[in-house]
Each structure stands twice: as structure tokens, then as C-alpha cells.
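Notes for the structure review
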Amino acid sequence: MQKSLHIDPDKCTGCLQCELACSHVNEGVFNPAKSRIKVFNFHDQGRMVPYTCTQCDEAWCMQACPVDAITLDAETGAKVVSDALCVGCKVCTIACPFGTVNYNASTGKVIKCDLCGGDPECAKACPTAAITYVDANWTGLDRMRQWAAKTDAGAQAEA
Amino acid sequence: MAWARNVLRVNLTEGTCKNEPLNMDWAQKYLGQRGLATKYLVEETDPRVDPLSPDNKMIMTTGPLTGTCASTAGRYSVVTKGALTGAIACSNSGGFFGNEMKNAGYDMIIFEGRAPNPVYLLVENDNVQLIDASEFWGKSVWDTEEGIKAKHQDPLIRVASIGVAGEAGVKFACVVNDMHRAAGRSGVGTVMGSKNLKAVAIRGTLGVSVEDVGSFMQATAEGKQTLADNAVTGQGLPAYGTQVLMNVINEVGALPTRNHRDVQFEGAKNISAEAMAEPRADGKPNLVTNAACFGCTIACGRVSTVERSHYTVAERPEYQIASGGLEYEAAWALGAATGVDDLDALTFANFICNEQGIDPISFGATVGAAMELYEEGVIGDAETGGIECKFGSAKALTDLAELTGKGEGFGAEIGLGSKRLCEKYGKPELSMSVKGQEFPAYDSRGIQGMGLAYATANRGACHLRAYTVSSEILGVPEKTDPHVTEGKAGLVKAFQDATSAVDSSGLCVFTTFAWSLDDIAPQINAACEGDWTAEKLLEVGERVWNLERQYNCAAGFTGKDDNLPARLLKDAAKTGPAEGLTNGLDQMLPEYYEVRGWTDEGVPSNETVERLAL
């Protein structure tokens, strides 16, 4: 069963544990500047929103790459950058409509979320379950359940 | 590892910025942040220096854990001689500035001298420059922070700055980072203003590593689980924030009200966490969300709005936003201390404190003192500029917040702090302060240990030096009777020493509702070189406490300054469970000196100095 990252911004406190976990597993240091997931703080609205690659099926980054350095991990559905092949041309960073592929000047390669091979550290590190790793076919399950709970079930509700 | 081992020394007079290695011998003895920066200040400055002279130094400092994934590990402190107190000042802040500083490769930044003209420091890893700040001078913290990010086209820059209050010499000005996180107390922002330093803007991308990463990940994961499982850090603080305390402290009769005339506030429920969650006229509650500082898995921070039709913001859309507050201390000072129970007025006044960089505790408490002066007829409309400065007046509170934030009109006198204000008008006894710093939100008649904690706190009256409320009211780590003085000398010392160690690590003291030093030591030990046990941390804490004390002694403070206002020692609490009680400081202080290993005059004895290798 394929899974995907599911983000519920309502639950996010903006603590950046996801960025710390991401940079730790990918770079070996705690460095939010090198995180593949980013939390945005819309201060005046009091909203914190984590954002990262959605792993498009028809991945524009993958199609744009002139050296085929971005490939599909069939098991997880992740689009994965090969450091050995990436030439740092940054065409993928332009192609991605969501801005989730970015250049890393210290290595000369691009970086993006690869779902940690199917066990994403950001989801494990999130203290409020704002980031979860769930059945890719049922990312709407929680929201459906919430609405279902509000549905008047007539006799059941009165019982 | 953990430490960046790098100090940035900025001489504002000369306009120079130089790197130097961190003194690692001192790091082993003082750990970091509060302790280590105090060591630098002690070694490099004369304790008798005028806090606002160029010879005073201001140190922004991180701890070894700052920037790591340990829960709450984003703290930094500003260490200097306090403008409000003339004592050692160490004001600790969260937000995201501390980790950015560490990520840029610095344990601390030492500011010396005074810039000939207003400047700000821009740090992008090892690219460091002082830049003319004339376009930001006279601007608020909020405008400065946004202005610097816009100017450098980099929204990821983190900024710590002063508002107009710090420029104008308001004695309790703060350094504010990330819009509403503050190194708040003792006037550290006033010192920054005296140096013509408007802001420090940092972008760090180097990363932070630790000594033994495997052990560190395990120790920090266990620590996070302990916080999540604890009722205070796992439930109370995330849900209600520090404001969870308002009704609790009121009920135990320890909520100082109207300049400590009373110990219970009839309007407490209107300014409590519960009130913040209730829908208002517009259908929305005051509270928008809770928010975390860097790396914090507790997330006690509050983000709130003022109701849009409220008189403070109805005509001012720029304040119809969500921003930081109310936290308990601010809600108390702006509310109970002044007798104001208008939650929107408090939220607005708190916005102004953040926007212009003033400490809401000292501000609110000083307004409370001014209200008593006004009601006593000591000052009148001529002094206040026509402001009807009566207890309970929301309008007086919010008008004075705006005036004090800019150091204008009667706000300039509020900006003196309560000690100087009350002395000026011949009523020094009405200042509710120790060593010139106003009390926070706990009345020491109803919580006896806090009286000793306030009297002996090295930065003046402070709840964050020995939070015995934790034991006396909340029962953490074990319950003690808040109405007795027995055992409080040892309790205060234990809290002071442990807190000094936590404040030197990069962690937040709020973790100690759930963590003891036994939980913290494995995290530090894995991150840092050296052998860090709970015992060693406690020794570091005691060493730091005594170093601060020595600084104050050299600055001219004596045992006579370990005192409380007569009101707390002579006027009994009028209502509540502590009715009839005064604070029994005289029963605690001699024993405290003894357990500290200090002389009868409150000076660390030669044996103590030797034992702690000071």
C-alpha cells in the first residue's frame, strides 16, 4: 500500500522539529536551512503551515531534468534525486509549480523530499501529529470522519 | 560539537567585528549561555560601571544545546549590567533567534562600546557587517524586523531589535525577537539602545552538530516523551499556556492586586486562560492558537487578537491582527496589578509592549504604582498629562502603554520604573520591587518561599530564578506548604542552582515541570564533550549563582538589598487562604545565607569561593 505525507496545519505549533529531523537524517546536522520540509509562519493570522513535496504522479521536476537524475521510487512513490547524476542545473526548481525542489549551494545539487525511503522522519518527529504518513488513497479520511461525526443520524443521535 | 567554539566580538565604537575562539576551559565550568556569558562579563568589565556607559558590554549568548533537536533548545540570553537595576542582568528569550545565531556559527556575540551613529549588525554566517540604521531609528520592533527582511530581500533572516522605548531610555526596555519574543527584564534593551545598536539580524545556514549523535537522539526522544506524558507540560501548558495559573493563583490568595494592596482580584476570571477561550461578541475567542518556540514540544505560547470593535483598535486596522500574548505574567501585570479586567485592553497593551519593546511586567507594575500615587493624591492630572490614572481604568493603561513605548509625556515617567518614580514623588515605599525591579505575579504573603526567592534573586525581583510556586502551589517536584517559612531556604537554593544550570544549557526552564537534572544531564552529556552528570550540572548552577552574587557585591549591593517592601512584611493579606499572613523573610534569610555558605552579610565566604573554584 502506498502512503503519503498528510499535513494538517491546524495542528502545527511551528516548533520546527520536522525541519530538525529532516536536516538531521539528510545532512547529518541540525540545520533548518537544509530541510526538505519547511514550516511557514503567517504571523498576523496566527497560522503555521508545514509544506513539502507532494510527490506528483506526473512529476514536472522529473520530466524537466535533462540528465534523468530524478527517478521514481516505485515502492514509495517518491521522486528521488540522484546526487551522482544531478548536475545542479536547477531546471527542476523552475519546473516545480510548488517550489518544493531547491538548490543546495554547499553541494551543488538540488534537494527535495524523498519520503526517507518510506519512513519519513518529519512525521515521526512531529509532536502534535500535524504531519502524518497515511494511506495515499485515504488522505481525506480524517476530514471525512470529522464531517461524518457532525452528520445528524436521526434515531441514532437521539439514542 | 554542540558549542560552535566561536565568539563574535563587535566593537561598536571602532566599528570592528572579529572572531575569537570560545574559552573552552570556562565552558567546562560555566556550560554556556547565562553562566558562560556572565563569566565573560565579569572578566571583561568593571561591575561598578554605569550600565548605559560605553564601558558596559552586552552579550547575546546561546547554550550548547541551542539549535539542536532537544525539546525547547532554541533559547538565547542577553547578559549585561541591567539599566533598571544596576545589577547583573540575564534576560532569556525563545522564538527562533537563538538557533539562527548558533546556525551562523556563534556561541555568543559580545557588543562593546557605543556606535557613533545608529547601526544594526547583519550576520550571514561568516559574513558580518555593521550597517547604518538611520532608516530604522525611531521605528518600532515590528517595522524594524519587517524592514530589515525587506531591505535584504530575505524573509528567512531572524531579527532581534529594540523599539522606540529602548532608544528613548525607558529603563525596562526589552530586546524583542521574532515580533513578540523578548529578552524582557532588567532593561537589557535600554543598554542596547545606549549603544546605538538598533538590531541584530542573523541568517545562519551552517548547522549544529553534537558529540554523540546516537545517544543524543535517544536521550532527547526520551525527554520529549517525558514532557508529553506530564500533566503540566503535556496538557496544561499546551492547552491554556502559562495563563492556566490566573485562576489558580487567585484562588490561593497570592495574586497581587492594585499594587499589592490586595492578594485577590475580583476580575481575575475575566482575564484568565478560560476567558481567552470564550467566544466574544464577534463570535471568535481572543485566543487564535498556541504556538511553539524553536524546537519546543510543549508550545505554551499564545497568539491572540483584540476584538475588532474594541476602542483600542476599531479605527486602527494595523492592530486588527493576531500576535503574541497574553502570557500569565503580562496578563497579571497589565491586569491585576492595575485592577483592569478588560481582556481586549490587556491584549492591546501587550501588543504595544511587544511592538515598542517594553517589559510588560515592569510596565504594568509601574502603572499600578502610579495609580496608587494618583489615588493618594500624590500626583494629579498635571503630572499625568490629563490621564485619569485610577485603578481599573483600561483607558489609562492603554494610553500609558503607547506613551511609555515611545518615552513620551507621562510615559517617560512610567519608563523610569516604579522605584525611581515613587522616589521622585517622595513615596519610595509604594514601589513593589527588589533591587529596583518590579515583582512578577505571585504575592509572597501567600507563597512564602517566593519572598526569599525575590529578595535574593540576582537580577532583582524575578519568578524565573527560583520558581518555588512549582513546589508550594503545584506540588512539583514535591508539595510544600506555601504558608510556612520552614525549609524554604534550602528549597530556594535548590531551585536557584538547578535553574541556573538549565539557563546555561540552551533549554527552557519550563521543561523543569517535568524534567529534573537527571533528565537533562543525559542530553547535555551526549551533546557536549566532557562528563556531564546531574551532580556536575548542579555544581555549575551553584557556581553561576555565586558568580552573579559576587558581581552584585562588587557593584555595590549588600545584604541590605536582599529585602522586600514593607507592605509585604507588615501589611497582612486581607482575604483568601493566606489572610492575616505577612512574608516571613527574616525567618528565612539567615538560614539561606548559611546554606549558601555566605557570611552574615550575604557575601560568599572564602571557603565557598574555593569550593566552587570561582
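Everything below is about the structure shown above.
What counts and what doesn't
Residues numbered from 1 in each chain as written. Chains lettered and ligands numbered in written order. Predicted model: local features only at pLDDT ≥ 70, side-chain atom pairs only at ≥ 80, totals over all residues. Heavy atoms only, no water. Helix = DSSP H or I, 4+ residues; strand = E, 2+ residues; numbered from the N terminus. Buried < 20%, exposed > 50% of the residue type's maximum accessible area, 1.4 Å probe, protein only. Contact = heavy atoms within 4.5 Å. Core = buried A, V, L, I, M, F, W, Y, C linked by side-chain atoms within 4.5 Å. Pairing = 2+ DSSP bridges. Axes fitted to C-alpha atoms, helices over the stretch in contact; angles between N-to-C directions. Parallel < 35°, antiparallel > 145°, perpendicular 65-115°, else oblique. Nonpolar A, V, L, I, M, F, W, Y, C, P; charged D, E, K, R; others polar. Buried area = accessible area lost by both parts, 1.4 Å probe. Salt bridge = Lys/Arg side-chain N within 4 Å of Asp/Glu carboxyl O.

1. Considering the overall build of chain A
In terms of regular secondary structure, chain A is built from 6 helices and 8 strands. Helices and strands appear in chain A in the N-to-C order β-α-β-β-α-β-β-α-β-β-α-β-α-α. Overall, chain A is about 65 × 30 × 25 Å in size when its C-alpha atoms are taken along their principal axes. The buried share among the 159 residues of chain A stands at 40%. For chain A, the proportion of contacts with a sequence separation of at least 24, taken over those separated by at least 6, is 52%.

2. Some points on the nonpolar core
Residues Trp332, Phe363 and Tyr442 of chain B are the most contacted members of the largest nonpolar core, which totals 174 residues. Core analysis: the next-biggest nonpolar cluster, separate from the first, contains 30 residues, Ile162, Val175, Met192 and Val200 of chain B among them.

3. Observations regarding the sheet that holds strand E11 (residues 181–183) of chain B
Residues and elements named next belong to chain B. Strand order in the open sheet formed by 6 strands is E8-E7-E12-E9-E10-E11, with mixed pairing between adjacent strands. Whereas interior strands pair on both sides, the edge strands pair on one side only; in this sheet they are strand E8 (127–132) and E11. Averaged over all pairs of adjacent strands, the angle between strand axes in this sheet comes to 20 degrees, irrespective of strand direction. Note: strand E10 (residues 175–177) against E11, 3 bridges, orientation antiparallel. When the sheet's bridge partners are listed, Val176 is paired in E11 with Ala182.

4. What to know about the sheet that holds strand E1 (residues 6–11) of chain B
Residues and elements named next belong to chain B. The strand order across the open sheet built from 6 strands is E2-E1-E6-E3-E4-E5, with neighbouring strands paired in mixed fashion. A single partner strand is all that each edge strand has here, and the edge strands are strand E2 (16–21) and strand E5 (88–93). The average angle at which neighbouring strand axes cross in this sheet is 20 degrees, direction not considered. Two strands pair when backbone bridges link them, and E1 and E2 are joined in this way by 6 bridges, in the antiparallel orientation. Bridged to Arg9 within E2 is Lys18. Where helix H2 (residues 33–44) meets the sheet, it contacts E1, E2, strand E3 (58–62), strand E4 (76–81), E5 and strand E6 (108–112), and its direction lies at approximately 25 degrees from that of E4.

5. Here's the deal with helix H18 (residues 448–456) of chain B
Residue and element names in this part refer to chain B. For H18, the buried fraction is high: 9 of the 9 residues fall into the buried class. Among all positions in H18, only Gln448, Gly449, Met450, Gly451, Leu452, Ala453, Tyr454, Ala455 and Thr456 are buried. Summarising the contacts, the buried residues of H18 are in contact with strand E16 (433–434), helix H19 (469–472), helix H20 (488–503), helix H22 (534–555) and helix H24 (585–596).

6. With respect to the packing of helix H12 (residues 343–356) of chain B against helix H15 (residues 394–406) of chain B
Residues and elements named next belong to chain B. Contact pair H12 / H15: the axes reach a minimum separation of 9 Å and the direction vectors enclose 5 degrees. The pairing of H12 with H15 is recorded here as roughly parallel in orientation. Facing H12, whose interface residues are Ala345, Leu346, Phe348, Ala349, Ile352 and Gln356, H15 presents Ala394, Leu397, Thr398, Ala401, Glu402, Gly405 and Lys406. Here the contact of H12 with H15 is composed, by residue class, of 8 nonpolar, 3 polar and 2 charged.

7. What to know about the interface of chain B and chain A
If you look at the interface, chain B gives 37 residues, while chain A gives 20 residues. Taken together, the two surfaces of chain B and chain A that pack against each other cover about 2,000 Å², and 63% of this comes from carbon and sulfur. Linking chain B with chain A are 0 salt bridges, by the criterion used here. Those elements that provide at least two residues to the side of chain B that touches chain A are helix H7 (213–229) and strand E13 (287–291) of chain B. Grouping the constituent residues of the side of chain B that touches chain A by class yields 21 nonpolar, 14 polar and 2 charged.

The quantities given are spatial measurements derived from coordinates; they are silent on function.
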